[in-house]
Amino acid sequence: MSSHKSQFIQSVEERGFLHQCTDLGGLDALAAGQNKDKTPVTAYIGFDCTAPSLHAGSLVSIMLLRLFQQAGHKPIVLMGGGTTKVGDPSGKDEARKFLSDDDIAANMAGIKDVFAKFLTFAPDGQKGGPTDAVMVNNADWLDDLDYIAFLRDYGRHFSVNRMLGLESVKQRLDREQPLSFLEFNYMILQAYDFLELGRRHGCALQMGGSDQWGNIVGGVDLGRRVEGLELFGLTTPLLTTSSGAKMGKTADGAVWLNEDMLSAYDYWQYWRNTEDADVGTFLKLFTELPLDEIARLEKLAGEDINEAKKVLADQATALCHGAEAAKAAAETARKTFEEGAQSAAGLPTVEVARGLLDGGIAAFELFKIAGLAQSNGEARRLIKGGGGRVNDTAISDETQNITSADLGDDGTIKLSAGKKRHALIKAG
């Protein structure tokens, strides 16, 4: 039985979100409503705009905000319109590439929509309630900072000696990778974000991945020094798969949350292909199934563990893309793998000019066009190694000509890379 007083901290611990906390007892008491006015706690997580979509590696943070709101508190999604211009050095071997203001704005527009699937915001034009999520942009206060005044007012509270000891800095220096002065400023700007959110929104808690610990503690300390604020920090474990792979990445690239960058079917397949040892952990973090049901599922062994993986895929996909998309993806997978259907509605479909197919195209080129290989060389190796199939028939010659004669009755050609990745080619 948990000794925690608040639903939030109890859930965070039970479902595996808790790594470090600046004052767990104090935060537990605050979240339990033991503050002076018993109002909901406000917490934030920041998301820099480095790509037009977030990927599955961001889901721990997104699900944590969802858990926080469901426990009766107010989440803030902080868009890093300002900090993206600097670049977070945490966990990186080299500086991020510079993005223009237009790039950042475009990325932010792509990222924003995903949060509405996981959090409850006030309807447009209406004042939000006490637990409605809000989205803010740190460019609102970072873009117009007076550099000298900022250094005098806030820079004096940061010790370079301590900053050099932070893990994100030490790792770069230990590997003799250059760390620019621009990036070195990131931790100060993140600390200032926390201070500003405390001032503007009464935000008392910053959450993030374990690689953000030093930056979060810096914000807690700055709020105390400058405004006498009682702030808290909480981090989640740095998540990798049991084989050591980075969460949200596959051999084919990132597992994007936006459907225009990764289909709901491919998203479903990512979770369906979870390693056996990760099923229980992922069910706790990325679904809302009761813990007793998760305990039952993670005990399944042998072929039966595949049923637990399907549950994981269904639940995770429903949260991100909706229940209907999850159902359609599961049915497509069933037809493709269990019935051996040549083609199935819902598989990723790529349109190729009819003239190109009439004249014929080398198999390796078509596999690359279909997105089943990142390069022509990778496609050649796939086919030479026996991993390529056309209309469920194995091919070994990477230069084999694929033509419109290979189109099936449904007007498509099915390409397969191994047993689990498929795409349809349609004549345009």
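Predicted model only: the values in this text are computed from it and were never measured.

Re the overall build of the protein
At step 1: Per the secondary structure count, the protein includes 19 helices and 15 strands.
At step 2: At 24 Å, the protein has a C-alpha radius of gyration in line with the 22 Å of a compact globule built from 428 residues.
At step 3: When the backbone C-alpha atoms are referred to their principal axes, the protein occupies close to 75 × 50 × 45 Å.
At step 4: In the protein, which comprises 428 residues, the proportion classed as buried is 49%.
At step 5: Considering only residue pairs separated by 6 or more positions, the protein has 73% of its internal contacts joining residues 24 or more positions apart.
At step 6: If you sum the accessible surface of the protein, you get close to 20,200 Å²; carbon and sulfur atoms cover 48% of it.

Concerning unusual backbone geometry
At step 1: The backbone of Asn391 sits at a positive phi, close to 50°, despite the residue not being glycine.
At step 2: If you trace the backbone, Asn391 turns up in the loop between β11 (388–390) and β12 (393–394).
At step 3: By relative accessible area, which is 17% here, Asn391 ends up buried.
At step 4: Unusually for a residue other than glycine, Asp392 sits at a positive phi of about 65°.
At step 5: Positionally, Asp392 belongs in the loop between β11 and β12.
At step 6: With a relative accessible area of 27%, Asp392 lands in the partly exposed category.

Here's the deal with the pairing of strand β2 (residues 42–48)
At step 1: Counting buried residues along β2, six of its seven residues qualify, which places the element largely inside the surrounding structure.
At step 2: Note: β2 against strand β3 (residues 74–80), seven bridges, orientation parallel. From the neighbouring strand, Ile45 faces β3, where its bridge partner is Val77.
At step 3: As a crossover connection, the stretch from β2 through helix α3 (residues 59–70) into β3 is right-handed.
At step 4: Here β2 pairs with strand β5 (residues 205–209) via two bridges, running parallel. Each bridged residue has a counterpart across the sheet, and for Ala43 the counterpart in β5 is Leu205.

Points about the side chain of Lys309
At step 1: Turning to its location among the elements, Lys309 is positioned in helix α15 (residues 305–321).
At step 2: Lys309 has contacts with Trp271, Arg272, Thr274, Glu275, Asp276 and Val279, leaving out every residue within four places of it along the chain.

Quick word on a nonpolar patch on the surface
At step 1: There is a patch of nonpolar side chains on the surface, built from Tyr147, Ile148, Leu151 and Phe181 and spanning about 430 Å² of accessible area.
At step 2: Of all the elements, helix α6 (residues 147–153) adds the most residues to the nonpolar patch, at three residues.
At step 3: Counting through the fold element by element, Leu151 comes out in helix α6.

Some words on the pattern of salt bridges
At step 1: Evaluation of the coordinates by the stated rule reveals 15 salt bridges.
At step 2: Its salt-bridge partner being Glu307, residue Lys310 comes within 3.5 Å of it at the nearest N-O pair. Highlighted residues: Lys310 and Glu307, both in helix α15, separated by three residues, approximately one helical turn.
At step 3: Under the relative-accessibility criterion, Glu307 is labelled partly exposed at 44%.
At step 4: Between Lys384 and Glu398 there is a salt bridge whose closest N-O contact spans 3.8 Å. Within this pair, whereas Lys384 is found in helix α19 (residues 376–384), its partner Glu398 is found in the loop between β12 and β13 (401–402), the two being separated by 14 residues in sequence.
At step 5: Judged by relative accessible area, Lys384 falls into the exposed class, the value being 57%.
At step 6: Taken together, the salt bridges that share partners define one network made up of Glu196, Arg199, Arg200 and Glu227.

Reading the values: the criteria
Residues numbered from 1 in each chain as written. Predicted model: local features only at pLDDT ≥ 70, side-chain atom pairs only at ≥ 80, totals over all residues. Heavy atoms only, no water. Helix = DSSP H or I, 4+ residues; strand = E, 2+ residues; numbered from the N terminus. Rg over C-alpha atoms; globule rule 2.2 N^0.38 Å. Buried < 20%, exposed > 50% of the residue type's maximum accessible area, 1.4 Å probe, protein only. Contact = heavy atoms within 4.5 Å. Areas by Shrake-Rupley, 256 points an atom, 1.4 Å probe, with all protein chains shown as cover. Pairing = 2+ DSSP bridges. Right-handed = clockwise from strand over helix to strand, strands pointing away. Patch = residues over 30% accessible without salt bridge, like charges linked within 9 Å, V, L, I, M, F, W, Y side chains within 5 Å. Salt bridge = Lys/Arg side-chain N within 4 Å of Asp/Glu carboxyl O.

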